[in-house]
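Overview (structure and organization)
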Amino acid sequence: MKNTVLDIKSMYPEELKNVLEELGEKPFRASQLFSWLHDKQAEEYARMTNLSKGLREKLAQKYPLTVLRAVNMQESRLDGTRKYLFALDDGNVIESVWMRYHHGNSVCISSQVGCAMGCRFCASTIGGKVRSLRTSEMLEQVYQIRKLTGERVSNVVVMGTGEPLDNYDNLVRFIRLVSSPGGLNISQRNLTVSTCGLVPEMYRLAEEGLAVTLALSLHAPNDEKRKALMPVANRYTIRQVLDACENYYRKTGRRLTFEYALAEGQNDGEQDAEELAGLISGMNCHVNLIPVNPVRERKFARSGKKVIANFQNKLEKYGINVTIRREMGSDIDGACGQLRKRYLDNQEKNV
Ligand code: SAH
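Let us look at the structure shown here. (Residues numbered from 1 in each chain as written. Predicted model: local features only at pLDDT ≥ 70, side-chain atom pairs only at ≥ 80, totals over all residues. Heavy atoms only, no water.)

1. Let's talk about the overall build of the chain
When you go through the chain residue by residue, the secondary structure sums to 11 helices and 12 strands. By its C-alpha atoms, the chain is 70 × 50 × 35 Å across when sized along the principal axes. Residue burial in the chain is summarised as follows: out of 351 residues, 56% are buried. Of the contacts made within the chain by residues no fewer than 6 positions apart, 67% connect residues no fewer than 24 positions apart. Carbon and sulfur atoms make up 47% of the accessible area of the chain, which amounts to about 15,500 Å² in all. With 50 positive and 42 negative side-chain charges, the chain shows a separation of 3 Å between the mean positions of the two kinds. (Helix = DSSP H or I, 4+ residues; strand = E, 2+ residues; numbered from the N terminus. Buried < 20%, exposed > 50% of the residue type's maximum accessible area, 1.4 Å probe, protein only. Contact = heavy atoms within 4.5 Å. Areas by Shrake-Rupley, 256 points an atom, 1.4 Å probe, with all protein chains shown as cover. Lys, Arg positive; Asp, Glu negative; His and termini not counted. Charge placed at Lys NZ, Arg CZ, Asp CG, Glu CD.)

Okay, here's the thing in structure tokens:
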């Protein structure tokens, strides 16, 4: 199934109504079907016992259900974080992470197979982008993890492999469906979308009437340094990206998050902190410092503890809210894309 085809698990209730009407059914069946798909999360039509057998058979024939299968799981001995590797129906694999926090469980999902953005420190982008995920494939990561852990999911962050705004339509559908009262009903305030800064899509997202948090991967205090880390900086200047952030805040009222991965000698100096403060002080924002996760194929090293603390202090002196990302699961191929990469490398070796 191509990702341009809308599969049944990616459909809004109104679209399910059309499908059922075309099959000669009453529209009210749509809410029953929606509930099977997104509340009870049935994996086979056969389970949908309040629909007639004839209808179930017709649906099964015309609309195969997208279901992900876990092919690997690693659990951190340090904090219980789990990394799942899921197989898609075309044989591709993606990774998703389950984290336990005191405020509830969080799932980090992938939005694409691979990534086209080319950030120099990131493992997800090494093989380029294979394809975007369908909405159903994004939802399934959450549904499967919920089943596998047997626990409630209260937060979803779209911060796994891929650039979510490069898969815009499917992302917006995902947000609406995962927050739908008839489905998992996760509050949009508990959803975060992380972007490397695709400016036109950031403006578009601000107009959707959604209440999700936008996290911008900033990673550098000026265009020159940002270009050295992120090719997307050749398309949009920091000024353009920050203007799009301010617009997002004005339109949604959601406080912004800036992600800043600290790489030794690249962007972690006092001068960098000063420059960063100059860019963002006064904005309604919060900075999340991420000690860069060393990726075997990349040359970046994580900044030292002292350097990180100094960087944080400097920003705080300017009244900027800063947190250092708690390292979750650093014993289990922590950085984005590393589990998938390892899996693919091993497969290659086995052929
Ligand atoms: N494409 C989106 C979302 C996926 S990446 C984005 O760029 O925001 C999620 C976050 O992890 C981004 O901030 C990304 O820059 C960061 N990241 C990727 N590789 C990393 C690494 N090796 N160490 C630390 N952070 C990394």
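Moving on from the coordinates now.
2. Considerations on the pairing of strand β12 (residues 321-324)
Note that strand β11 (residues 285-291) and β12 share four bridges and pair parallel. Residue pairing for β12: L289 is matched across the bridge by I324. In this region the chain leaves β11, passes through helix α10 (residues 305-317) and returns to the parallel neighbour β12; the handedness of that crossover is right-handed. (Pairing = 2+ DSSP bridges. Right-handed = clockwise from strand over helix to strand, strands pointing away.)

3. Some details on the side chain of S217
Structurally, S217 can be placed in strand β9 (residues 213-217). Of note is the side chain of S217, whose polar atom sits 3.4 Å from the side chain of E259. (Polar contact = N/O pair within 3.5 Å; in protein donor to acceptor, adjacent residues only side chain to side chain.)

4. What to know about the site of the ligand
Around the ligand sit 19 residues, and of these G162, S194, S217, H219 and N293 come closest. Against a free-state accessible area of 540 Å², the protein chains account for coverage of 95% of the ligand. (Near = heavy atom within 4 Å.)

5. Quick word on the environment of L279
With respect to the element layout, L279 can be found in helix α9 (residues 270-280). Its relative accessible area of 23% is what places L279 among the partly exposed residues. When the C-alpha positions of L279 and L242 are compared, they lie 8.5 Å apart, and in sequence the two are 37 residues distant. Those residues in contact with L279 that lie beyond four places of it in its chain are P221, I238 and L242.

6. Examining helix α2 (residues 29-39)
Buried residues dominate α2, accounting for eight of its 11 residues. Inspection of α2 places A30, Q32, L33, F34, S35, W36, L37 and H38 among the buried residues, and these make up the whole buried set. Check the buried side of α2 and you find it contacts α1 (13-22), α3 (53-62), α4 (135-149) and α5 (168-178). Of the residues one or two after α2, Q41 is the one with positive phi, at around 55°.

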